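Residues per chain, in single letters:
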Amino acid sequence: MSNSHHEDPHYSASLLIDDAKIMMVDDEPLNMDVLEIHLGAEGYKKFVAVSDSTKAMARLKQELPDVLLLDLVMPEVTGFDILRLIRDDDSLRYLPVIVLTSANDATTKLKALTLGATDFLAKPIDASELALRLRNTLSAIAWQKRMSEVDLLTDLPNRAWFKQVLSNRLSERPAEKALSALMLMNIDRFKAINDSLGPEYGDQVLQELSDRLVRSYRDGEKQPWFSKEQMGARLPTIARLDGDRFVALLPWTKFGELESSLESRTRALTSELARPFDVAGQAIYVTVSIGVSILGSKLDTVESLINNAETALRHTQSGPDSTYTIYSDKMDAKVRRQLRIENGLRTAVEKDEIFVVYQPKVNVVTNHISGAEALARWQHPELGLVSPVEFISIAESTGLIVSIGEWILRESCQQARQWHDAGYVGLKIAVNVSIRQLREPDFLDLVRSSLDDSGLPAESLIIEITENMIMENAEGNTATLQGLKDLGVKISIDDFGTGYSSLSYLQRFPLDQLKIDQSFIREIQSPKEPVPIVKAVISLAHDLGLTVVAEGVETVDQLNNIRALHCEEFQGYLCSKPIPAPD
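Conventions and cut-offs
Residues numbered from 1 in each chain as written. Predicted model: local features only at pLDDT ≥ 70, side-chain atom pairs only at ≥ 80, totals over all residues. Heavy atoms only, no water. Helix = DSSP H or I, 4+ residues; strand = E, 2+ residues; numbered from the N terminus. Rg over C-alpha atoms; globule rule 2.2 N^0.38 Å. Buried < 20%, exposed > 50% of the residue type's maximum accessible area, 1.4 Å probe, protein only. Contact = heavy atoms within 4.5 Å. Areas by Shrake-Rupley, 256 points an atom, 1.4 Å probe, with all protein chains shown as cover. Lys, Arg positive; Asp, Glu negative; His and termini not counted. Charge placed at Lys NZ, Arg CZ, Asp CG, Glu CD. Pairing = 2+ DSSP bridges. Salt bridge = Lys/Arg side-chain N within 4 Å of Asp/Glu carboxyl O. Axes fitted to C-alpha atoms, helices over the stretch in contact; angles between N-to-C directions. pLDDT = per-residue confidence, 0-100. Expected span 1.5 Å × (residues − 1). Arc of directions from axis to C-beta. Core = buried A, V, L, I, M, F, W, Y, C linked by side-chain atoms within 4.5 Å.

1. Points about the overall build of the protein chain
Okay, so step 1: A tally of regular secondary structure across the protein chain gives 22 helices and 22 strands.
Okay, so step 2: Relative to the compact-globule value of 25 Å for 583 residues, the protein chain shows a C-alpha radius of gyration of 33 Å, a clear excess of over 25%.
Okay, so step 3: Based on the C-alpha atoms only, the size of the protein chain along its principal axes is roughly 105 × 50 × 50 Å.
Okay, so step 4: Of all 583 residues assigned to the protein chain, the portion counted as buried reaches 50%.
Okay, so step 5: Summarising the internal contacts of the protein chain: among those between residues at least 6 apart in sequence, 70% fall at separations of at least 24.
Okay, so step 6: As displayed, the protein chain offers around 27,400 Å² of accessible surface, 51% of which is attributable to carbon and sulfur atoms.
Okay, so step 7: Across the protein chain, the mean location of the 61 positive side-chain charges is 3 Å away from that of the 85 negative side-chain charges.

2. Observations regarding unusual backbone geometry
Okay, so step 1: Put simply, Lys 123 and Pro 124 share a cis peptide bond, and its omega is 0 degrees.
Okay, so step 2: Within the secondary structure, Pro 124 is located in the loop between strand 5 (119-122) and helix 6 (127-149).
Okay, so step 3: Backbone geometry places Leu 64, a non-glycine residue, at a positive phi of 45 degrees.
Okay, so step 4: Along the chain, the position of Leu 64 falls in the loop between helix 3 (56-63) and strand 3 (67-71).
Okay, so step 5: Residue class for Leu 64 comes out partly exposed when judged on its relative accessible area of 48%.
Okay, so step 6: The phi dihedral of Arg 189 falls on the positive side, at around 60 degrees, and the residue is not glycine.
Okay, so step 7: Within the secondary structure layout, Arg 189 lies in the loop between strand 6 (178-187) and helix 8 (190-197).

3. Examining the side chain of Asp 300
Okay, so step 1: Summarising the element assignment, Asp 300 is placed in the loop between strand 12 (288-295) and helix 11 (302-318).
Okay, so step 2: Judged by its relative accessible area of 18%, Asp 300 is buried.
Okay, so step 3: Other than its neighbours up to four places away in sequence, Asp 300 contacts Leu 170, Ile 294, Leu 295 and Leu 305.

4. Looking at the pairing of strand 18 (residues 461-466)
Okay, so step 1: Judged by how many residues are buried, strand 18 sits mostly within the fold: 5 of 6 residues are covered.
Okay, so step 2: Two elements, strand 18 and strand 19 (residues 490-496), share 5 bridges in a ladder whose sense is parallel. What sits directly across from Ile 462, in strand 19, is Lys 490.

5. Observations concerning the pattern of salt bridges
Okay, so step 1: The final tally for this structure, using the stated rule, is 33 salt bridges.
Okay, so step 2: A salt bridge links Asp 90 to Arg 93, with the nearest nitrogen and oxygen atoms 2.8 Å apart.
Okay, so step 3: By relative accessible area, Arg 93 is classed as partly exposed at 32%.
Okay, so step 4: Among the salt bridges present, the one from Arg 215 reaches Glu 208, with a minimum N-O distance of 3.7 Å.
Okay, so step 5: Arg 215 gets classed as partly exposed once you look at its relative accessible area, which sits at 33%.
Okay, so step 6: A residue is classified by how much of its surface remains accessible, and Glu 208, at 19% relative accessible area, is buried.

6. Digging into the sheet that holds strand 2 (residues 46-50)
Okay, so step 1: Reading across the sheet, the 5 strands line up as 2-1-3-4-5 and stay open at both edges, with parallel pairing between neighbours. Two strands lie at the open edges of the sheet, namely strand 2 and strand 5, each paired on one side alone. In this sheet, neighbouring strand axes are inclined to one another by 20 degrees on average, regardless of whether the strands run parallel or antiparallel.
Okay, so step 2: Note that strand 1 (residues 21-25) and strand 2 share 5 bridges and pair parallel. In the sheet register, Lys 21 faces strand 2, and the bridge partner there is Lys 46.
Okay, so step 3: Where helix 4 (residues 79-87) meets the sheet, its contacts fall on strand 1, strand 3 and strand 4 (97-101), and the angle it forms with strand 3 comes to roughly 150 degrees.

7. What about the confidence of the model for the protein chain?
Okay, so step 1: In the predicted model, the protein chain carries a mean pLDDT of 87, and the fraction of residues at 70 or more is 93%.
Okay, so step 2: In this model, residues 1-6 is a region of pLDDT below 50 whose contacts with residues beyond four sequence positions or in other chains number 18 contacts.

8. Structural notes on helix 21 (residues 532-543)
Okay, so step 1: Compared with an ideal rise of 1.5 Å per residue, which puts 12 residues at 16 Å, helix 21 spans 16 Å between its outermost C-alpha atoms and is within 8% of the ideal.
Okay, so step 2: Every buried residue belonging to helix 21 is among Val 534, Val 537, Ile 538 and Ala 541, and all of these are buried. Viewed along the axis of helix 21, the buried residues span an arc of 95 degrees, placing them on a single side of the element. Opposite the buried face of helix 21, by more than 90 degrees, sit the exposed residues Pro 532, Lys 535 and Asp 543.
Okay, so step 3: As for helix 21, its buried residues are in contact with strand 19, strand 20 (513-516), helix 20 (518-521) and strand 21 (547-551).

9. Digging into the nonpolar core
Okay, so step 1: Ranked by internal contacts, the top residues of the largest apolar core, which has 71 residues, are Leu 345, Ile 429, Leu 461, Leu 511 and Ile 562.
Okay, so step 2: Top contributing element to this core by residue count: helix 14 (residues 401-421), with 7 residues.
Okay, so step 3: Ignoring anything within four residues of it in the chain, the contact list for Leu 345 reads Trp 378, Phe 391, Ile 394, Ala 395, Leu 400 and Ile 404.
Okay, so step 4: Residues Ile 238, Ile 284, Val 288 and Val 292 belong to the second largest nonpolar core, which totals 32 residues.

Quick look at the structure:
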C-alpha cells in the first residue's frame, strides 16, 4: 500500500505547525511579542495575543485555538480562574494549556495541574524548551486527532472529519454561482468478495481502492487530514465514510464547468479500476456505483447532501449501465417506497404476507405435469401485491432473503409432500435459491432439515441457481453444490444463456438440469424457425448428461419447436400461469 498506516505523531505535529493557532494570555504584551518572535522562527504562523485577562474567555470561544499559553499571575482574572472556566466549558475543556509563570514552588504547580494545565514552564522562558514543549503538545494533539478523525485501515479521513470539512465548505461558498459536488461511492458486490475470500482479503480490496482513489481524484497526492481544508482546496477531498463507502468532495467551480469536472474524475477512476486487483492470488475486477449531490443552494446542509447522494447512489445501483447518477427531487418518492418495502419485509413472513404460488412444469413428450416451480409473492397491507422483481432484490441486498428463503423452502417441501400423499408421487418441486442463502454456513443443514421435517424424498427437490450467481465464487460454490448432490437433491441452472458461465466449470459442477431463459424462447415465431442458440444449449446440455427445461413457452409453435429439439420439459403460460397450490 502506498499509504502510511503507522504515521509518526511527531511528523504529524510538524504538519500541524503551519496550521496551528497559538493563543497567548499575559498581562505583559512584551512577553507575548518575544514569544511570537521565537515561535515564528520555529515555523508557527497563527498567533492570538490577549493582554486583558477579563476578555480571555470571550476570545477563546471566538478563536478556538489549538494551544493556549497562559500566564498565571494577572490582575482581576488570574490564570487559575481561566483554567477553572476552561474546564467547565464544553467547547474548551479539552484545550491543551501550557502554563507560563515566574512562580516555581510546588504548590503553584500542583494547583495549576489539578485545574487541568497540560504542561508547566517557568519564567524566564527558554525559547528552545518552549518550542520542544509545544511540539510535544502538538504531537499529542496530532495523535488524538488521528485516532478520532482517520480511518486506520485505509489511512483516509473518516466520516466525522469529512462532515466537519463539508460543514466548513458550505459556510465558505466563494461566489453566488459557484458549485461543488459530493460523490458518494459504493463498491459493487463487495459483500460477495468479502464473504467468498474472507474479511482479511476484503480489507486488502478497501486499501487498494483507497490508493486508487488518491491517484484518480488527487493526482496521487495524499489526502491531508490535519488541514482545515479551506474553501480554496485545489484538489477533491476524499474520505472513507464507513464499510465499503467512500466519498469525494470536488472543489468549488464555476457554474457550467461542474459536469465536465464530474466526467473527468469519473473517467480517471474508471481507468484506475480497469486494472484488476491482485487479492489472494486472484485477479479481481472491482467496480463502483456513484451517487452525486450538488452543493450550490443556501439551503444545503451536511445531512441533506449526504442523504441525497445516498438516494442517487441507490438509483445508480438499480439502473442498467450508469456509473453515476445526480440527485433530483423526483428520486425521493422511489426511495421512500423502497424503504417501506424494506421495513415491511422484516415482518412479512411472521405476518403471513408472503405466500407461494406454483407454476407447473410439463413433460414435452407426454404433456403431463412433471413438477412445479415455487415462486414467492407478497401481499403488502398498504402497497398491495408487490412484484417479486421489486422486493426480491431488496431482500437480497439487505440479507432478509435468508429468512424469507428458508420459509419458502420449508413451505414448498411441505406442499410437495402433500401432493405425493395425494397420489402424485412423481412430482418434483423446484425452489429458487439466492447467492446469499447458498453462502450461509448452515445452508446444507437447512436443506436436510426441510426434507426431514416434510418427509419429502431428496430426489423430489430441485434447487435452482442462476447462471451468474453460480459463477461469482465458482470454487466455493462447487463444494456447496456437491454437498447438495450428496444429499440426493437435484440442481438446476436457471436463466441459462444470459450470464457468463465458463464451459469448463459447467463440466465440473454437479448439475442435473439447465433451464433456457425465456428471452430465447420468445424469439421462436414458427414451428420450424431456426433457433441456433436454443438448439446449441439443448445439445450442450445433453452432451453433459443434463435435462433441459424451456421457460416462458406461450405458443404451440414454440412447444413444437423445442419438442423437435428433444427438450424434456417446459413451463409457461401455454400450460398455466403461477397459481396457488389449491388451484
